[in-house]
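Letter by letter, the chains look like this.
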Amino acid sequence: MMRNFLYCLFIISLFTNCEKSNNKNSTQNIRMELIPEPDQDERLQYEAMLKLKKSNCILDEPDTSINGINIRDYESAKKLIEEKDKKDDLGQYHLYSNSDIETLTLVQHPGDSKYEISIFKVEDSGRLFQDYRHVKAAAFITNNGIKLGMNKSDIIKKLGKCYTAKDSMKGFIELYYRIELPNDTKSKLLKNNNMPTYYASYKLRKNRLEKFEFGFEYP
């Protein structure tokens, strides 16, 4: 009788310990799932770019100019940039649209010639007013007709579907395009400018384009 009683206690104890172990493992798994993976966004972006490369999807007609300023073209840039416009410590010129609501940033890479622009950036000016010069333009528009305020579908209609997307729970999305040698555009953009990589980023919030930039990465 005593032997049977002890045997029952053993079985109950074993079952209880197994249950605790399972609950502990389950809790650990839940905690592991809640802990964000370090650099997860970068990894997902990298994987998406690899997938895009394998698809052989090419951006044939990228943005290469804004308001008549062509990328890495001295003659066109000096029509807008004036001698009194000074670069900041990062080699950037900043200009306002005539209504203050848009800011154009023109970036020169180290070693670029005077007025040779390698990257264009356009964004909402916001409430912070800087001492930038105003230009005679109501908006900054690319050669493909991209401008602030556009929605996602309009951008894709103009540039195509050869992009990767980075989404957010806060109504934010970034459309990212990239061209790397040996791939090139119809106009041989990379080859003609002796550059290995072109990129373009279009950031929308609540389906409204509020910032974009494009150009050549520093080689």
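Preceding this section is the structure that the text describes.
Counting restarts for each chain, with residues numbered from 1 along the sequence as it is written. The predicted nature of this model means local features are confined to residues of pLDDT at least 70 and side-chain atom pairs, given and counted, to a pLDDT of 80 or more, with totals for whole chains, interfaces and linings taken over all residues. Only hydrogens and water are removed before side-chain values are computed, so all heavy atoms of the structure are retained for them.

Asker: How would you explain the pairing of strand E5 (residues 119-124) if you had to name every residue and give the values?
Answerer: Remark: a regular strand shows side chains that alternate across the two faces of the sheet. Between any two strands, pairing holds if DSSP finds at least two bridges. Here a strand is any run of E in DSSP of at least two residues, a helix any run of H or I of at least four, and the numbering for each starts at the N terminus. Looking at chain direction, strand E4 (residues 102-107) and E5 are connected through six bridges and run antiparallel. The residue bridging Thr105 from the neighbouring strand is Lys121, located in E5. Where E5 and strand E10 (residues 208-216) come together, five bridges link them in antiparallel fashion. Opposite Val122, over in E10, you have Phe212 as the bridge partner.

Asker: Which residues make up the packing of aromatic side chains, and what values do they have?
Answerer: Each Phe, Tyr or Trp ring, with Trp reduced to its six-membered ring, pairs with another whose centre is within 6.5 Å; inter-plane angles below 30 degrees give stacked pairs, above 60 give edge-to-face pairs, and intermediate values give tilted ones. Summed over the entire model, instances satisfying the criterion amount to nine aromatic pairs. Pairing Tyr163 with Tyr177 gives two aromatic rings, centres 5.7 Å apart and planes at 55°, and the pair type is tilted. With Tyr163 in the loop between helix H4 (152-159) and strand E7 (164-167) and Tyr177 in strand E8 (residues 172-180), this pair connects stretches of sequence that are 14 residues apart. Comparing Tyr163 with Tyr177 shows no difference in burial state: the two are buried. Considering the side-chain rings of Tyr202 and Phe212, the 6.0 Å spacing of their centres and the 20° angle between planes classify their relative orientation as stacked. Taken together, the residues span a long stretch of sequence, with Tyr202 in strand E9 (residues 197-205) and Phe212 in strand E10 at a distance of ten residues. Cluster of aromatic residues (ring-pair linked, three or more members): Tyr163, Tyr177, Tyr202 and Phe212. Accessibility here uses a 1.4 Å probe with only protein chains present; expressed as a share of the type maximum, an area under 20% marks a residue as buried, one over 50% as exposed, and anything in between as partly exposed.

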